[in-house]
Amino acid sequence: MKKYSVPKNFQSSVGYNTFDNYQSLREKAKQDSNSYWESVAKRIDWFDKWTTVNNSDYSKAHIEWFSNGKLNASYNCIDRHIENGLGEKIALIWQSNDPTISKNVSYNDLLEKVSLFANGLKRAGIKKGDRVCIYMQMIPEAIVAMLACARIGAVHSVVFGAFSSDALKNRINDSECKLLITQDNGVRGLKFDIPMKENADKIADDCPSLKTVVMVERSGNEMFMKEGRDITWNQFIDGCSSKCPAEVMDAEDPLFILYTSGSTGKPKGVMHTTGGYLVYTSHTHELVFDYHQDDVYWCTADIGWITGHSYIVYGPLSNAVTQVIFEGVPNYPDFGRFWQIVEQHKVNVFYTAPTALRALMKEGDDWVTKYDLSSLKVLGTVGEPIKSPEWHWYFNVIGNEQCPIVDTWWQTETGGILMSPIPGCVPTKPGSATLPLPGIIPAILDEEGNEITERNTTGYLVMIQSWPGQMRTVYGDHQRFIDTYFSQAPGNYFTGDGAYIDEDGYFWITGRVDDVLNVSGHRIGTAEVEGAIGAASGVAEAAVIGYSHEIKGEGIYAFVTLMTGVEASAEIEQDILSTVTKIIGPHAKPSVIQFCSGLPKTRSGKIMRRILKKIAQNETDDLGDTSTLADPSVIDSLLEK
Ligand code: PRX
């Protein structure tokens, strides 16, 4: 595999700018992890210093960093920049779905907006430790709401705006949110009326903990407002003071909960705390994106996912970034939208998902070359492996061979990036997230938990040591935290990913080793989708498999058996799709539905997914060992289709 050295004109300035520097820092961090993290932690402002750097113990599934340190995340993301004379600096360049509309929000503006809303929350009875749900699209108020929660010590739980009302309800109820912040309608691409408030209305009465629904007027459409429960954003802050001192939080006080899919049906409430998370996101944002004070940064993620939390809100804002936040979609009004925005706002650092690159690459280079992209310096990707064709397109066509590509590997659970080339230091290889950041110690284990030291041999990716951004627990279910992450390979954090190390020590992620799919960079549990399909009328059983999909990376292939007497039909197929949309959201809809008379099962009733995978991938010449099947004739009927 060809190695790409650091582009000649690229100058890193964040610290160590040669590969040798990187190696020696990595070694130093390994030898004395506490000193390393202590020096990193000084980058943010603490009201009180910690007494111990790292109190984590993997053998007890206990994660604790910067014990007894006191700080506030909102203060670090806003106030301290103003105190440092950056009040007039632009924090957010909001680019509306409408290409003609953009709005700047300075750090001074942000402080005022956050303080007003924080006081609104207090007036509504929200106290430190209470949970607040945020169900919004990419509008500045979403970020204001998150920071306002952090300011008063409320714990936000952001639910991705495309999730259905059922999914919203389950998340609100799981963490007993008292207040929901939403907007009348979402506005994205050609959809001007995504029913956000209506979705909330459908379920609000089924959420016993929910007392208040705050609604931003984005579309201005007339909405139903329930007396005593619903209030517009403007009414909510009306009469509030624009001064709100930041609550003193302990390093280990929860900052947020973010639900993510696991291998069992119910999504997990991943909980992150204040000190370690903020230190980690702030540090990695600067390091991985080689962030300079006068850069314009743009991460195209949505705040509904961890990338939005860590690399739109907490990492960048704690570094006093100027960043674009984008309400729209890459193909509206045309396929040049991303590049038009890069030109318009002179974006220097651009961070996106491989799935978006694949979709845009297929539309041809003319959408790119008509724009001036010479401002770009660093190009990043996240969420799934970036394969060679889109890597080269990104490097050659978007970056004009001048920009290092940072393929960042991490997870909702890790809080921030664990593996990525550091621009200016680490030569890249298309498709590899290259090497761990200093202080991160991965290993590859075999089935028995022994370390695989041979090169190019795939095993389970684990971390043998904690880092500050690591999740602390599954909200309300610590046992699930232990079972999911610390039981497979006791003494290590189990990532759920497979990986191997090549001859240069570079890591290659081979994908999930559990029943979790990665569809367009969105993490979806097969069990969740199977449960949703099972709720459609006439369905007896479903098995969901991921298969290679040209644009989505992984597509959802559903094998469905119907109740006796029910015939497969286009209506049933449609009903399955709408049931999945209703229970989870449109992003979880299967791309292929195959009706079958039975599923391949072992004698003990376990579905043999390995066989289904081969069928979904059209690799039917060799289905492997089928001798343990309870009913081998099932295979013939599956292949007939
Ligand atoms: O399988 C890995 C894949 O995405 C999973 C984490 O998903 P999520 O928690 O939703 O977070 C996505 C954004 C951080 C991982 O277990 N993944 C993420 N980044 C990469 C990746 N796979 C390969 N290369 C990556 N750069």
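As a reminder, the structure under discussion sits directly above these lines.
The shown structure was predicted, so the numbers you read here are calculated from the model rather than taken from an experiment.

## Section: the overall build of the chain
When helices and strands are tallied, the chain shows 19 helices and 30 strands. Over its C-alpha atoms the chain spans a radius of gyration of 24 Å, differing by no more than 12% from the 26 Å that the globule rule assigns to 641 residues. Along the first, second and third principal axes, the C-alpha set of the chain runs to 75 × 65 × 55 Å. Per-residue burial for the chain yields a buried fraction of 60% across its 641 residues. Within the chain, contacts between residues at least 6 apart in sequence are counted, and of these 71% link residues at least 24 apart. Summing over all exposed atoms, the chain offers an accessible surface of approximately 24,200 Å²; the carbon and sulfur share of this is 48%. In the chain, 59 side chains carry a positive charge and 80 a negative one; their mean positions are 3 Å apart.

## With respect to the sheet that holds strand E24 (residues 493–501)
The 4 strands are arranged E21-E22-E24-E25 in an open sheet whose pairing can be described as antiparallel. Bordering the open sheet on either side are strand E21 (442–445) and strand E25 (507–512), each of which pairs with just one other strand. Neighbour-to-neighbour, the strand axes of the sheet open up by a mean angle of 45°, direction not taken into account. Both E24 and E25 contribute to a ladder of 5 bridges, which runs antiparallel. Its bridge partner lying in E25, Asp497 is registered against Arg512.

## A word on the site of the ligand
Among the 17 residues in the neighbourhood of the ligand, the closest are listed as Asp407, Thr408, Thr412, Arg512 and Arg523. Note that a nitrogen atom of the ligand is positioned 3.5 Å from one of the backbone N or O atoms of Pro385. Note that an oxygen atom of the ligand is positioned 2.7 Å from one of the side-chain N or O atoms of Arg523. Burial of the ligand by the protein chains amounts to 95% of its free accessible area of 540 Å². Contributing elements (two or more residues each) for the shell around the ligand: helix H10 (306–318), strand E20 (405–408) and E25. Across the shell around the ligand, the residue classes tally to 6 nonpolar, 6 polar and 5 charged.

## Let's talk about the nonpolar core
Core analysis: the biggest nonpolar cluster contains 119 residues, and Leu110, Phe117, Tyr314 and Leu317 have the highest contact counts within it. Ranked by residues supplied to this core, first place goes to helix H5 (residues 140–152) with 10 residues. Each residue touching Tyr314, except ones within four places of it in the same chain, is listed here: Ala73, Cys77, Met146, Leu147, Ala150, His156, Leu255, Phe256, Tyr277, Leu278, Thr281 and His309. Core analysis: the next-biggest nonpolar cluster, separate from the first, contains 41 residues, Trp305, Ala542, Val544 and Ile593 among them.

## A closer look at the pattern of salt bridges
Within the structure shown, the criterion is met by 32 salt bridges. Between Asp57 and Lys60 there is a salt bridge, and its shortest N-O distance comes to 3.3 Å. Asp57 sits in the partly exposed class, given a relative accessible area of 26%. A relative accessible area of 61% places Lys60 in the exposed class. Between Lys362 and Glu363 there is a salt bridge, and its shortest N-O distance comes to 3.1 Å. Judged by relative accessible area, Lys362 falls into the exposed class, the value being 51%. Here the salt bridges do not stand alone but share partners, grouping Lys197, Asp201, Asp205, Lys226, Arg229 and Asp230 into one network.

## Notes on the environment of Gly315
Along the polypeptide, Gly315 turns up in helix H10. Taking relative accessible area as the criterion, Gly315 reaches 0% and is therefore assigned buried. As for Gly315 and Cys77, which are separated by 238 residues in sequence, their C-alpha atoms are 8.4 Å apart.

## A closer look at the packing of helix H2 (residues 33–41) against helix H9 (residues 275–289)
The geometry of H2 relative to H9 is characterised by a closest axis approach of 9 Å and an angle of 80° between their N-to-C directions. As the angle between them shows, H2 and H9 are arranged roughly perpendicular. Touching Tyr36, Trp37, Val40 and Ala41 of H2 are Val279, Tyr280 and His283, all from H9. The residue inventory of the contact of H2 with H9, partitioned by class, reads 6 nonpolar, 1 polar and no charged.

## A look at unusual backbone geometry
Put simply, Tyr332 and Pro333 share a cis peptide bond, and its omega is -5°. The residue Ala320 is not glycine, and still its phi comes out positive at about 60°. Residue placement: Ala320 occurs in the loop between H10 and strand E17 (322–326). One non-glycine residue, Thr434, lies in the positive phi region at around 60°. Among the residues examined, Thr434 registers a relative accessible area of 0% and is labelled buried.

## Brief notes about the environment of Ile63
Relative to the elements of secondary structure, Ile63 occurs in the loop between strand E1 (52–54) and strand E2 (65–67). Take Ile63: its relative accessible area is 6%, and that puts it in the buried class. Separated by 404 residues in the primary sequence, Ile63 and Trp467 have C-alpha atoms spaced 8.8 Å apart.

## Here's the deal with the pairing of strand E16 (residues 296–299)
Going residue by residue along E16, you find Val296 and Trp298 tucked away on one face and Tyr297 and Cys299 tucked away on the opposite face as well. Here 3 bridges tie E16 to E17, and the two strands are oriented parallel to one another. Bridge assignment links Tyr297 to a residue of E17, and that residue is Gln323. Regarding the hand of the β-α-β motif, the stretch spanning E16, H10 and E17 is right-handed. Here 3 bridges tie E16 to strand E18 (residues 349–352), and the two strands are oriented parallel to one another. Across the sheet, the residue bridging to Cys299 is Tyr351, located in E18.

## As for the sheet that holds strand E29 (residues 553–562)
Spatial strand order, E28-E29-E30: 3 strands in an open sheet with mixed pairing. Of all the strands in the sheet, the pair left with one neighbour each is strand E28 (539–549) and strand E30 (592–595). Strand after strand, the sheet turns through a mean of 25° between neighbouring axes, direction not considered. Across 10 bridges, E28 lies against E29 in antiparallel orientation. Paired with Val539 across the bridge in E29 is Leu562.

## What about the packing of H5 against H10?
Where H5 meets H10, the axes come as close as 12 Å, and the angle between the chain directions of the two elements is 60°. Classified by the angle their axes make, H5 and H10 are oblique. The two elements H5 and H10 cross, and the hand of that crossing is right-handed. For the pair formed by H5 and H10, the contact residues are Ile143, Met146, Leu147 and Ala150 on the first element and His309, Ile312, Val313, Tyr314 and Leu317 on the second. Tallied by class, residues from the contact of H5 with H10 come to 8 nonpolar, 1 polar and no charged.

Parameters and conventions
Residues numbered from 1 in each chain as written. Predicted model: local features only at pLDDT ≥ 70, side-chain atom pairs only at ≥ 80, totals over all residues. Heavy atoms only, no water. Helix = DSSP H or I, 4+ residues; strand = E, 2+ residues; numbered from the N terminus. Rg over C-alpha atoms; globule rule 2.2 N^0.38 Å. Buried < 20%, exposed > 50% of the residue type's maximum accessible area, 1.4 Å probe, protein only. Contact = heavy atoms within 4.5 Å. Areas by Shrake-Rupley, 256 points an atom, 1.4 Å probe, with all protein chains shown as cover. Lys, Arg positive; Asp, Glu negative; His and termini not counted. Charge placed at Lys NZ, Arg CZ, Asp CG, Glu CD. Pairing = 2+ DSSP bridges. Axes fitted to C-alpha atoms, helices over the stretch in contact; angles between N-to-C directions. Near = heavy atom within 4 Å. Polar contact = N/O pair within 3.5 Å; in protein donor to acceptor, adjacent residues only side chain to side chain. Nonpolar A, V, L, I, M, F, W, Y, C, P; charged D, E, K, R; others polar. Core = buried A, V, L, I, M, F, W, Y, C linked by side-chain atoms within 4.5 Å. Salt bridge = Lys/Arg side-chain N within 4 Å of Asp/Glu carboxyl O. Parallel < 35°, antiparallel > 145°, perpendicular 65-115°, else oblique. Right-handed = clockwise from strand over helix to strand, strands pointing away. Left-handed = near helix turned anticlockwise from the far one by under 90°.

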